[in-house]
Amino acid sequence: MGVIVLSSPSSDAFVTPHSNPSRSVPSLASSSRQTLHRRASLSSALSVSIGLGPEGEPTDDASTTATATAENPAIASEGGKIIFGEDGQPLPIITDHEPYRTKRMSNSDRAADAWFGAMLESGGGSFLGKVSEEARKRLVSKVELVDEPVHEYGDEEWTPYQSRRLPTSPLYPAYGLETYGLPIPRRMAEAWRHFDVNGLVAEDYSSRPNGIGSDMELSEDDAVKITSELSSKGAWLDDEACTGRLVYINGRFCPSLSKQTDDVKNLDSKCFDSGALPEKTMEYLSRLPDGFTDRLAAEVPDEFRGPLTSLEKLSGPDHNVGKATSQFAINNQQGTAAFAALNSVKAGCVAYVEAASKEGSDDETMPLPVLIVNAQTPSGGSADVAVEKGVSLHPRTLAVANDGCALSLVQMCIDLDDSPGEESRCPTFVNGHTQIFVGANANVTHSFLEESGGLVTPRVEMSDEELDTAKLAFKPGLGPEGLDAFIHNPREVESQRPALRNTHFDSIDVHVTGEEGSYAGSLMELGGCGRARISISASLLRPGATASINGFALSGGAQRSDMRTNIHHIAQGTISRQEQRNMVGGRSTASFRGRIRVEQSAQQTDSEQLSRTILLSDHARIWATPSLEIIADDVKCTHGATVSDLSEEELFYLRSRGIDRTTARNMLMYAFVDEIAASVDQRIVGGYDDEHGLRSRVIRRLENLVPLGEKSLVGGEFQSV
């Protein structure tokens, strides 16, 4: 819509309905208009056209110098200027913005909100007391549509990066905040770019497991059977090999399979209803990621501005991220806040771990690990399998390492009874949320293994012609499946794989709240779910805090996987190290976005970030985006990314020594993974020749993705065929 702005001695920058009022910079065109307006005020009024099409016929002075009066209160007037539309009529002032709240929503956006609402309003109740109540209230309370205050020069919050909205322009909420108080996934939002949002919301996960909120009682025979199955998947540590063990099946706690202590225990609804939980524990559980809990988990010392407590005001008015609900802030978020709140509303219990002993707190020894297993059956524990309604599971973990203590935490996500072809199988959505708080001089090692969803279908990258050729040229030893791998079209087999309808989300929120606190995380995304997303955020809040994050993501078949990391340096003298490795094969799509932000208060920061990716197939895709945001001026930061195929020279070296092509490629693939797997707690990794150990499980998954055939010279580059 075109508008005509009549001049006034003082003119504000033009703000479009889609701009961010707190971050818009007056444009050159705006400055030019202000100059024209000042000149016009000395002689005659000047009409300036903003929009499409030529300007209309000149108007006389009487019409162009109209002002808002008491008889025309609805005419847009600010500082003596009036805004006209293309039809020459004054545009009305917009004071009620609610009718415009959902104007920008597409059909995909509405489907996403309906999908999320179905899970939020599903039956079964809430079990975390006030934590659930606060999370639900935050979700259903819509963002208020009000103009942000404009500060005058000299104010503490003044910044030149601000402008004002025209009174004829409506206010819109940030994308994702139209219906709920926390951002819901949007197909084109930065946090969900390259992810299969449409495929996600097409599945109905609104069912809940039977008996959620209560313990799962097992017979002695069932306990023995499940223990044996957990052992075969490497998800078991005997009592003498661990400090504690908490086992959950379909979101329900299994006391007969667990080892509880005073510091490792399950928190159920009775713990929350009784009010016996410490206030600090309730505060931790109520925190939301992505800055939606504005108060920092610990005060940050700053010699210029005093103790820092507010996330949105870090680095001063010129460089802060602002309110978490602003579009500027949301563009840099991971998109986990709404799912963390949903977890608080729907979780049946909490796995609670506290490191209160200083045993093993030195750098040379670590205490026995704490094992938390979240297992799911093909039905997900749902009674609605017959109506093809999926089930959602919401595992929750809170780990606290007190000052001077050490903790080794191992989390595993696996399948139980995952043999194919079962009639009881239904789509599952796992929405896990883990919170970790590290005190002063505390040391936390965290191993996270996601292995649910079974194995993907191999050879999906092969075309029909390549499959026919492979059948004719088949020789024993070509692949682990033999000739059967080529009888049926792998793409058709993969499209019918039940786990392709499953979705696995896990968000990990880490806060190092004490000086010299240390967190070391090893995340391995190995599962076969159709959609998988792991997000981790680490906030370094005290001087000397350290964070090390090593990640590996494996995707194949028709998977869509996503790995998001955020390391936030807030205190002075903090250190971070990150290495992310991705292996993408078949026709899968993967993405990695690693963000490191160094605030103005985080001088003398030392940070390194590196992303390495191997593409095993010409049909596989990866988006790797490491990023640095540095506000401080005394730092040492590096980042980088590489993407390549398996090295032809290394393959030639192995094959020249008598190793066949498939084995040589598998060796190189495992060597790429092993450097990350070496950082996992070795007591859960298992022996080198253990058929149920992590090494053997990883090799079995890699064999599904190892490329076949020789390399050919295509477009001047060697590519796998």
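Refer to the preceding data block for the structure.
Bear in mind that the values here come from a model prediction, so they are computed numbers and not experimental data.

**Side note on the overall build of the protein**
1) Next: Of regular secondary structure, the protein possesses 18 helices and 28 strands.
2) Next: For the protein, long-range pairs separated by at least 24 residues make up 81% of all intrachain contacts whose partners lie at least 6 apart in sequence.
3) Next: Summed over its atoms, the accessible surface of the protein is roughly 31,000 Å², and 50% of this surface lies on carbon and sulfur atoms.

**Some details on helix 11 (residues 337-346)**
1) Next: Counting buried positions along helix 11 gives 10 out of 10 residues, so the element sits mostly inside the fold.
2) Next: Taken together, the buried positions of helix 11 are Ala337, Ala338, Phe339, Ala340, Ala341, Leu342, Asn343, Ser344, Val345 and Lys346.
3) Next: At its buried positions, helix 11 is contacted by helix 3 (107-120), helix 4 (130-140), helix 8 (279-286), strand 13 (396-401), strand 15 (428-438) and strand 17 (503-512).

**Side note on the sheet that holds strand 18 (residues 518-525)**
1) Next: The strand order across the open sheet formed by 10 strands is 6-5-11-14-16-18-20-22-24-26, and the pairing between neighbours is mixed. Every interior strand has two partners, whereas the edge strands, strand 6 (252-253) and strand 26 (636-644), have only one.
2) Next: Pairing analysis gives eight bridges linking strand 16 (residues 443-450) to strand 18, with the strands arranged parallel. Bridged to Glu450 within strand 18 is Glu525.
3) Next: Sheet contacts for helix 18 (residues 694-705): strand 14 (406-415), strand 16, strand 18, strand 20 (546-555) and strand 22 (575-584); angle to strand 20, the most-contacted strand, approximately 45 degrees.

**Brief notes about the pattern of salt bridges**
Oppositely charged side chains can form a pair if their charged atoms are brought close together.
1) Next: Going through the model one piece at a time under the given rule, you end up with 27 salt bridges.
2) Next: Of the charged contacts, one joins Asp113 and Arg186 as a salt bridge, the two residues approaching to 3.1 Å between their closest N and O atoms. A residue pair is termed long-range when its members are at least 10 positions apart, and Asp113 in helix 3 and Arg186 in the loop between helix 4 and helix 5 (197-201) qualify at 73 residues.
3) Next: Because the salt bridges share partners, they merge into one network encompassing Asp109, Asp113, Glu178 and Arg186.

**Examining helix 16 (residues 661-677)**
1) Next: An ideal rise of 1.5 Å per residue puts 24 Å on 17 residues; helix 16 measures up with 24 Å between its terminal C-alpha atoms.
2) Next: What helix 16 keeps buried is the set Thr662, Ala664, Arg665, Asn666, Leu668, Met669, Tyr670, Phe672, Val673, Ile676 and Ala677.

**Looking at the side chain of Ser591**
1) Next: Topologically, Ser591 is positioned in strand 23 (residues 589-598).
2) Next: The class for Ser591 is buried, based on a relative accessible area of 6%.
3) Next: When neighbours within four sequence positions are excluded, Ser591 is seen to be in contact with His194, Ser561, Asp562, Met563, Ile622 and Trp623.

**With respect to empty space enclosed by the protein**
Space left empty within the atom packing is revealed by a probe, the size of a water molecule, rolled over the atoms.
1) Next: The tally for this structure, following the rule as stated, stands at 10 cavities of 30 Å³ or more.
2) Next: In this structure, the largest cavity spans a volume of roughly 450 Å³.
3) Next: Along its surface, the largest cavity is lined by 34 residues, and Asp290, Gly291, Leu311, Asn566 and His568 are the ones closest to its centre.
4) Next: Mapped onto the lining of the largest cavity, the elements with two or more residues apiece are strand 8 (295-300), strand 17, strand 19 (531-540), strand 21 (560-569) and strand 23.
5) Next: Residues that form the lining of the largest cavity fall into these classes: 12 nonpolar, 14 polar and eight charged.

**Comments concerning the pairing of strand 16**
1) Next: Summarising burial for strand 16: seven of the eight residues are buried, a large majority.
2) Next: Pairing between strand 14 and strand 16: eight bridges, direction parallel. Each bridged residue has a counterpart across the sheet, and for Gln411 the counterpart in strand 16 is Phe448.

**Focus: the packing of helix 16 against helix 18**
1) Next: Running from N to C, helix 16 and helix 18 cross one another at 135 degrees; their axes reach a closest spacing of 10 Å. Relative to helix 18, the element helix 16 is oriented oblique. For helix 16 against helix 18, the interelement crossing comes out right-handed. Between helix 16, through Asn666, Met669, Tyr670, Val673 and Ala677, and helix 18, the contact on the second element is made entirely by Leu694, Arg695, Val698, Ile699, Leu702, Glu703 and Leu705.
2) Next: Split into classes, the residues belonging to the contact of helix 16 with helix 18 amount to nine nonpolar, one polar and two charged.

**Details of the packing of aromatic side chains**
The geometry of two aromatic rings is summed up by the distance between their centres and the angle between their planes.
1) Next: Taken as a whole and judged by the stated rule, the model has 16 aromatic pairs.
2) Next: Of the aromatic side chains, those joined through ring pairs into one cluster are Trp115, Phe116, Tyr180, Trp192, Phe195, Tyr205, Phe339, Phe429 and Phe505.
3) Next: Stacked on the ring of Tyr175, the Lys or Arg Arg104 has its end atom at 4.2 Å from the ring centre.
4) Next: Taking NZ or CZ as reference, Arg533 lies 3.9 Å from the ring centre of Trp192, over its face.

**Let's talk about the side chain of Glu451**
1) Next: Residue placement: Glu451 occurs in the loop between strand 16 and helix 12 (464-472).
2) Next: In this structure Glu451 comes out as buried when scored by relative accessible area, which is 7%.
3) Next: Within the local environment of Glu451, its side chain forms a polar contact with the side chain of Arg697, the two groups lying 2.8 Å apart.

**Let's talk about the nonpolar core**
1) Next: Leu230, Ile249, Met524, Phe552, Met583 and Leu694 are the most contacted members of the largest nonpolar core, which totals 48 residues.
2) Next: No other element matches the eight residues that helix 16 contributes to this core.
3) Next: Those residues in contact with Met583 that lie beyond four places of it in its chain are Phe552, Ala553, Leu554, Ser555, Ile614, Leu616, Met669, Phe672, Val673 and Leu702.
4) Next: Judged by nonpolar contacts, the second largest core, of 42 residues, contains Leu246, Ala399, Val438 and Ala632.

**Some remarks on the environment of Arg593**
1) Next: Position of Arg593 among the secondary structure elements: in strand 23.
2) Next: Sequence separation between Arg593 and Ser611 is 18 residues; the distance between their C-alpha atoms is 9.4 Å.
3) Next: Excluding residues within four positions of it along the chain, Arg593 makes contact with Glu190, Met563, Arg564, Thr565 and Thr625.

Rules of the game
Residues numbered from 1 in each chain as written. Predicted model: local features only at pLDDT ≥ 70, side-chain atom pairs only at ≥ 80, totals over all residues. Heavy atoms only, no water. Helix = DSSP H or I, 4+ residues; strand = E, 2+ residues; numbered from the N terminus. Contact = heavy atoms within 4.5 Å. Areas by Shrake-Rupley, 256 points an atom, 1.4 Å probe, with all protein chains shown as cover. Buried < 20%, exposed > 50% of the residue type's maximum accessible area, 1.4 Å probe, protein only. Pairing = 2+ DSSP bridges. Axes fitted to C-alpha atoms, helices over the stretch in contact; angles between N-to-C directions. Salt bridge = Lys/Arg side-chain N within 4 Å of Asp/Glu carboxyl O. Expected span 1.5 Å × (residues − 1). 1 Å grid on protein atoms, 1.4 Å probe; cavity = no way out; pocket = protein on both sides within 12 Å on 5 of 7 lines; lining within 4 Å. Points joined across faces, edges and corners; volume = space filled by probe spheres on them. Nonpolar A, V, L, I, M, F, W, Y, C, P; charged D, E, K, R; others polar. Parallel < 35°, antiparallel > 145°, perpendicular 65-115°, else oblique. Left-handed = near helix turned anticlockwise from the far one by under 90°. Phe/Tyr/Trp six-rings, centres within 6.5 Å; stacked < 30°, edge-to-face > 60°. Lys NZ or Arg CZ within 6 Å of the ring centre and 35° of its normal. Polar contact = N/O pair within 3.5 Å; in protein donor to acceptor, adjacent residues only side chain to side chain. Core = buried A, V, L, I, M, F, W, Y, C linked by side-chain atoms within 4.5 Å.

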